[in-house]
Amino acid sequence: MIVLKRGRERSLKRRHPWIFSGAIERVQGDLKSGDTVPVRSADGQTLALAAWSPTSQIRARVWSFDPGASIDAAFFRARIEQAAAFRAALPAARHTNALRLVHGEADGLPGVVVDRYADVLVAQFLSAGAERWRDEILDALVEATGCEAIYERSDVEVRTLEGLEPRAGFARGNRDARRCPIAEYGLNFRVDVEAGQKTGFFLDQRENRQRVRSLAAGREVLDGFAYTGGFSIASLAGGAQRVVALESSVPALEVARENLAANSLDAARIEFVQANVFAHLRLLRDRGAAFDLVVLDPPKFAPTAAQVKNAARAYKDINLLALKLLRPGGLLATFSCSGGVSAELFQSIVAGAAVDAGVAAKIIERFGAAADHPVALEFPEGEYLKGLLLARND
Ligand code: SAH
């Protein structure tokens, strides 16, 4: 049993699912990593059942706020069925066979992330509790989806905070997963589930790719941080006159070229450039290049609040350069997926970039993550992706 310090039950009462080490008064019993443990307030009220994580600052994560619940195979089956049913009812489910099926805390499953790429699932077990129930969760996923192949990508840094070793490979079934074919709004993509970034594809940007597609007609597009060509191919499909895609990763560019070939699009209109965006934007500026639509979707510069200062500098740098490359009437779709950078901070960084660039611009739209990546109201930390659509003001 975990007994909390007096007054430290407040966040739990608001259904926030994390219990930090500093909130714990004492622990009773011989708890092992991943054990399910009742959580009590100082006055003896049982508030939740949580997974014990002895090495993490987040010492326990709540499975249920019902003290009478049973945390067992049936519990995970029910949560996963609920998560799957929510996705099946989303409008996007009619336009793609690739969706995030389980999004951690937002689906009542802290530490569990599952993406579906057609008939292949990719799972991540990121907490001690998730690790403990791995088998039950995998069985429930097979049952809820009918997918027989589940590739595990628990090869991420955060596992070490939980005292867990990295793990990657097929957890269920087996097949070639280096090029899983998916379709998104009529466009074909190949997903490298084994070696790609994150779980292989950035599903959170699906609706934003579609939005950019609708804005691209007749425009010259620059796609910074292109990965496997998501925004580039969407822009081309939307009638872009020309697309320049910048990406530093050679394997990502290889998949991007295959993605281009997998669609009936005019390949002559797109140029993939292996480059560092920071340097290449300067090069383009020095050459006097100009574009009508620029997309900036960089990796997370600030995973946590500690890296915010450097991240802010990096965001300002690329946004300043991008704004300078815009023709009059041009659009900039700019994103940040840094958990440590709030939407307000991101907007003020971009505003600073515009001032320094000497470019007047206005916000005409705001972006977030797609609906299969929901944010639980009681867990606002779950919000990470934000974006702005700016229009040059002349
Ligand atoms: N927009 C993409 C996802 C981008 S993820 C999509 O919709 O699929 C960010 C990408 O930026 C990764 O592919 C990473 O390899 C690339 N990257 C990171 N730093 C870079 C840099 N300095 N220059 C160019 N690309 C970079």
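Just above, that's the structure.
Residues numbered from 1 in each chain as written. Predicted model: local features only at pLDDT ≥ 70, side-chain atom pairs only at ≥ 80, totals over all residues. Heavy atoms only, no water.

**Examining the sheet that holds strand β20 (residues 386-392)**
Next, step 1: As summarised here, the arrangement of the seven strands in space is β16-β15-β14-β17-β18-β20-β19, forming an open sheet in which the pairing is mixed. Edge positions in the sheet fall to β16 (270-274) and β19 (361-367), since each has one partner strand and no second. For this sheet, the mean inter-axis angle between neighbouring strands, taken without regard to orientation, is 15°.
Next, step 2: Helix-sheet contacts for helix α8 (residues 250-261) involve β15 (242-247) and β16, and the interaxial angle to β16 is about 170°. (Pairing = 2+ DSSP bridges. Helix = DSSP H or I, 4+ residues; strand = E, 2+ residues; numbered from the N terminus. Axes fitted to C-alpha atoms, helices over the stretch in contact; angles between N-to-C directions. Contact = heavy atoms within 4.5 Å.)

**What about unusual backbone geometry?**
The bulk of non-glycine residues show a negative phi, and the bulk of peptide bonds are trans.
Next, step 1: The backbone of alanine 118 sits at a positive phi, close to 55°, despite the residue not being glycine.
Next, step 2: Here alanine 118 is to be found in the loop between β8 (112-117) and β9 (120-125).
Next, step 3: Phi angles above zero are rare outside glycine, and phenylalanine 225 is one such case at about 55°.
Next, step 4: Within the secondary structure layout, phenylalanine 225 lies in the loop between β14 (220-224) and α7 (230-237).

**With respect to helix α2 (residues 73-88)**
Next, step 1: Along its 16 residues, α2 runs 22 Å from first to last C-alpha, staying within 8% of the 22 Å computed at 1.5 Å per residue.
Next, step 2: The set of residues buried in α2 consists of Phe75, Phe76, Arg79, Ile80, Ala83, Ala84 and Arg87. End-on, the buried residues of α2 take up no more than an arc of 160°, which puts them together on one face. Facing away from the buried side of α2 by more than 90 degrees, the exposed set consists of Gln82 and Ala88.
Next, step 3: The inward-facing, buried residues of α2 contact β6 (58-64), β7 (98-103) and α4 (134-145). (Expected span 1.5 Å × (residues − 1). Buried < 20%, exposed > 50% of the residue type's maximum accessible area, 1.4 Å probe, protein only. Arc of directions from axis to C-beta.)

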